[in-house]
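Geometric and topological summary
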Amino acid sequence: MKRNQFIKLSAAGAAYTLIGGYSGLLSSCSKDENITSAGDYIPVTEGSFNTPLAFPKVMQSNFALTPQLTAGGNFKNNSLSVYGYEAGSILGPTFQFTKGQPVSINVQNQLSDVSNVHWHGLSVPSMMDGQPHQLIQSGSFFLYSYTVNERATLCWYHPHPHGDTARQVMKGLAGLIVVTDDEENALNLPGGDREIFLVIQDKRISGNEISYSPTMNDVMTGFMGESVFVNGIYAPYHEVSTVQYRIRVLNGSNARIYHLALSNGKSFAVIGSDGGLLSTPQTVNSILLGPGERLDLIVDFSGQNLNDEIFLLSKTFDAGTAQGLQEFRIMKFVVNKIESDSFQLPSALSLITLLPESQSVASRNFDISNQGMNMSGGHMHGSHTINDLSYDESRIDETVAKNTIEVWTFDNGQGTEPHPMHLHGVQFQVLDRTGGRNAVQPHETGWKDTVLVMPYEKVRVIIPFGANTGSFVFHCHNLEHEDDGMMLQYEIT
Ligand SMILES: [Cu+2]
């Protein structure tokens with residue numbers, strides 16, 4: 001695809017500018033699509049919050065995943081036609097791993113399409129990483145085996161076949177991975193029924209189907225749904241007592257960003273993110289969570305009265321796009337018991353050694369501003385790139401030396417869309433953010449594998465590459481952008 005074939009978004013985001021004399025293209029677009037640079041605004045429809053929250057079953061390991069078409073989830077007390085990792089379930093089991101543990105998981109693909117499994121956040125060998133070109137054919141299987149090297153953290157797994165990741169995740173394929181270690185155990189954080197795992201995902205529901213047929217606008221903005229699910233349940237509630245809870249959140253949505261807050265206006269503590277515990281708790285009133293990012297929170301319900309209802313909200317925010325325009329409720333907590341609680345949040349959680357920039361041996365800059373549209377196959381579609389390049393499995397875009405440290409910049413300075421940038425194979429630290437929010441966010445003060453780069457922002461991350469050689473991808477975790485090619489390959493040599 002040639003550079004001058006792009007129809008580019010204007011920097012102001014108000015209109016499209018045609019470059020290279022292809023002005024005839026727009027008129028050949030489907031007439032029922034109004035093209036707007038902001039994408040389509042898909043307002044959330046709140047439910048009645050009268051379905052109890054449920055949790056996927058917890059497995060230690062050695063559980064075969066069988067991606068398949070099945071019935072699962074709960075939408076207004078009906079199950080949906082979904083893709084599941086087992087029969088009768090929208091999300092796969094939550095895997096509970098311990099640092100240092102060997103894992104083998106057989107994935108038997110019972111879908112009619114190719115699929116695979118990526119272990120998002122775990123640093124596994126290139127061959128086991130479930131990369132976009134490492135596919136499991138329909139009716140075939142692959143045995144993933146690796147050792148869990150991570151410190152305690154919340155990761156997740158999902159399919160990653162290039163061009164079909166977004167649809168397969170939207171249809172239901174995802175699951176959590178919880179890694180524990182001695183350092184975290186020693187903190188005696190709230191556990192048992194006082195540790196709650198929440199997978200937040202928006203979906204478009206049509207009848208008993210999760211519909212997925214993105215328009216060009218959906219590709220530009222990312223595909224968003226009107227119905228917000230938690231753990232596969234639309235508009236759920238969960239009963240709590242008046243104590244402190246550890247609430248662990250995954251934004252497992254294709255594209256929607258959530259501005260999380262509590263309806264009682266109380267602050268809460270962020271104690272961890274993608275790569276595990278922070279060094280110290282960060283008290284916030286709200287936090288912006290992009291697709292693929294995780295949060296580890298301490299929420300204190302003490303002082304509430306019996307039958308109080310507290311909602312987890314997404315507040316408005318300014319993304320300059322169709323996102324963030326609406327405040328909506330995600331789920332309800334209902335106080336059903338008055339109890340007291342002896343837990344005291346430690347002021348020191350973990351030792352995070354901040355990597356000094358002086359140890360970096362190379363800097364690389366990635367322009368993620370330059371998104372456009374192009375015409376091929378008879379219709380207009382998005383064309384998301386990094387440094388003007390689209391994903392090509394046969395091309396290695398960057399080569400880094402093993403056991404070295406580098407600084408990478410994701411530059412969305414001229415961009416008009418948010419991009420949650422994710423690297424496979426590593427965890428990194430956020431050095432700084434200039435433009436936009438202009439600051440490292442509270443949950444970005446530890447280890448991360450996905451960083452939200454909002455319009456007009458430039459974010460620098462410092463990355464220690466390990467001894468794990470081979471090729472890996474890095475990409476935007478807005479899954480429509482990713483499928484559209486906003487993904488490159490790097491090789492550790
Ligand atoms: Cu993106």
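Residues numbered from 1 in each chain as written. Predicted model: local features only at pLDDT ≥ 70, side-chain atom pairs only at ≥ 80, totals over all residues. Heavy atoms only, no water.

One can find Thr70 in strand β5 (residues 68–75). When its relative accessible area of 15% is taken as the criterion, Thr70 is described as buried. Sequence spacing of Thr70 and Tyr83 is 13 residues, and the spatial spacing of their C-alpha atoms is 5.9 Å. Excluding its chain neighbours within four sequence positions, the residues that come into contact with Thr70 are Leu80, Ser81, Val82, Gly84, Glu86, Ala87, Gly88 and Ser89. Polar contacts involving the side chain of Thr70 include one to the main-chain amide nitrogen of Gly88, which spans 2.8 Å. (Helix = DSSP H or I, 4+ residues; strand = E, 2+ residues; numbered from the N terminus. Buried < 20%, exposed > 50% of the residue type's maximum accessible area, 1.4 Å probe, protein only. Contact = heavy atoms within 4.5 Å. Polar contact = N/O pair within 3.5 Å; in protein donor to acceptor, adjacent residues only side chain to side chain.)

For the rest of this paragraph, the subject is the side chain of Arg256. Among the secondary structure elements, Arg256 is positioned in the loop between β19 (244–251) and β20 (258–262). Engagement of the side chain of Arg256 in a polar contact is seen with the backbone oxygen of Ile42, the distance being 2.9 Å. With sequence-adjacent residues up to four places away left out, Arg256 is seen in contact with Ile42, Val44, Asp202, Met224, Gly225, Asn251, Leu289, Pro291, Gln323 and Phe328.

Turning our eyes to something else, we now look at the pattern of salt bridges. According to the stated counting rule, one finds 28 salt bridges in the structure shown. In this structure, Asp202 engages Arg256 in a salt bridge whose closest nitrogen and oxygen atoms are separated by 2.9 Å. Pair noted here: Asp202 is in strand β13 (residues 195–203) and Arg256 is in the loop between β19 and β20, with a separation of 54 residues, a long-range link. You can call Arg256 buried: its relative accessible area is 5%. The salt bridge partner of Lys448 is Asp274, with a shortest N-O separation of 3.1 Å. Here Lys448 is found in the loop between β33 (429–434) and β34 (450–453), whereas its partner Asp274 is found in the loop between β21 (268–273) and β22 (276–284), with 174 residues between them in sequence. Classification of Lys448 as buried rests on a relative accessible area of 0%. A residue is classified by how much of its surface remains accessible, and Asp274, at 0% relative accessible area, is buried. Several salt bridges converge on common partners, so that one network encompasses Glu184, Glu195, Arg246, Arg248 and Asp296. (Salt bridge = Lys/Arg side-chain N within 4 Å of Asp/Glu carboxyl O.)

Protein coordination of the copper ion is provided by His419 (ND1), Cys476 (SG) and His481 (ND1), with donor distances spanning 2.0 to 2.1 Å. Counting along the primary sequence, the residues that act as donors to the copper ion give the motif H-x56-C-x4-H. The pair formed by Cys476 and His481 is uniform in burial state, with each residue classed as buried. (Donors = N, O, S within 2.8 Å, 3.2 Å for Na, K, Ca; no water.)

Domains assigned within the protein are domain 1 (54–149) and domain 2 (351–492). On a C-alpha basis, the centres of domain 1 and domain 2 stand 25 Å from each other. Contacts between the two partners involve eleven residues from domain 1, matched on the other side by 17 residues from domain 2. For the domain 1 and domain 2 pair, buried surface summed over both sides reaches about 1,000 Å², with 46% attributable to carbon and sulfur atoms. Of all residues in domain 1, His120, Pro132 and His133 bury the most surface against domain 2, accounting for 42% of the area lost on that side. Inspection of the domain 1/domain 2 interface yields zero salt bridges. (Domains from an automatic or database assignment. Buried area = accessible area lost by both parts, 1.4 Å probe.)

For the structure on display, the rule yields 24 aromatic pairs. Ring centres 5.5 Å apart and planes at 65 degrees place the aromatic pair Phe465 and Tyr490 in the edge-to-face group. Remark: Tyr490 occurs in strand β37 (residues 487–492) and Phe465 occurs in the loop between β35 (458–464) and β36 (470–476); sequence separation between them is 25 residues. Phe465 sits in the buried class, given a relative accessible area of 3%. A relative accessible area of 0% places Tyr490 in the buried class. Here a set of aromatic residues connected by ring pairs shows up, and it is made of Tyr85, Phe95, Phe97, Trp119, Phe142, Tyr144, Tyr146 and Tyr157. Looking at Arg204, its charged tip hangs above the ring of Phe223, at a distance of 3.8 Å from the centre. (Phe/Tyr/Trp six-rings, centres within 6.5 Å; stacked < 30°, edge-to-face > 60°. Lys NZ or Arg CZ within 6 Å of the ring centre and 35° of its normal.)

Tallying each qualifying case throughout the model produces six cavities of 30 Å³ or more. In this structure, the largest cavity encloses a volume near 70 Å³. For the lining of the largest cavity, a count of residues per class yields seven nonpolar, four polar and one charged. Quantified by volume, the second largest cavity comes out at close to 50 Å³. Around the second largest cavity, the lining residues are Ile247, Val249, Leu262, Phe268, Leu297, Val299, Leu312 and Phe333. Class assignment of the residues belonging to the lining of the second largest cavity gives a composition of eight nonpolar, no polar and no charged. (1 Å grid on protein atoms, 1.4 Å probe; cavity = no way out; pocket = protein on both sides within 12 Å on 5 of 7 lines; lining within 4 Å. Points joined across faces, edges and corners; volume = space filled by probe spheres on them. Nonpolar A, V, L, I, M, F, W, Y, C, P; charged D, E, K, R; others polar.)

We now examine unusual backbone geometry. Working note: non-glycine residues mostly have negative phi, and peptide bonds are mostly trans. Positive phi values are uncommon outside glycine, yet Phe49 reaches one of about 55 degrees. Structurally, Phe49 can be placed in the loop between α1 (24–27) and β3 (51–52). Look at Asp388: it is not a glycine, yet its phi comes out positive at around 65 degrees. Considering the arrangement of structural elements, one finds Asp388 in the loop between β29 (379–383) and β30 (398–400).

The next subject is the sheet that holds β35. Pairing is mixed across the open sheet formed by four strands, whose spatial order is β27-β31-β35-β33. Two strands lie at the open edges of the sheet, namely β27 (360–367) and β33, each paired on one side alone. Pairwise comparison of adjacent strand axes, ignoring direction, gives a mean angle of 20 degrees for this sheet. As paired strands, strand β31 (residues 405–411) and β35 are joined by seven bridges and run antiparallel to one another. Residue pairing in the sheet places Ile405 in a bridge with Pro464 of β35. (Pairing = 2+ DSSP bridges. Axes fitted to C-alpha atoms, helices over the stretch in contact; angles between N-to-C directions.)

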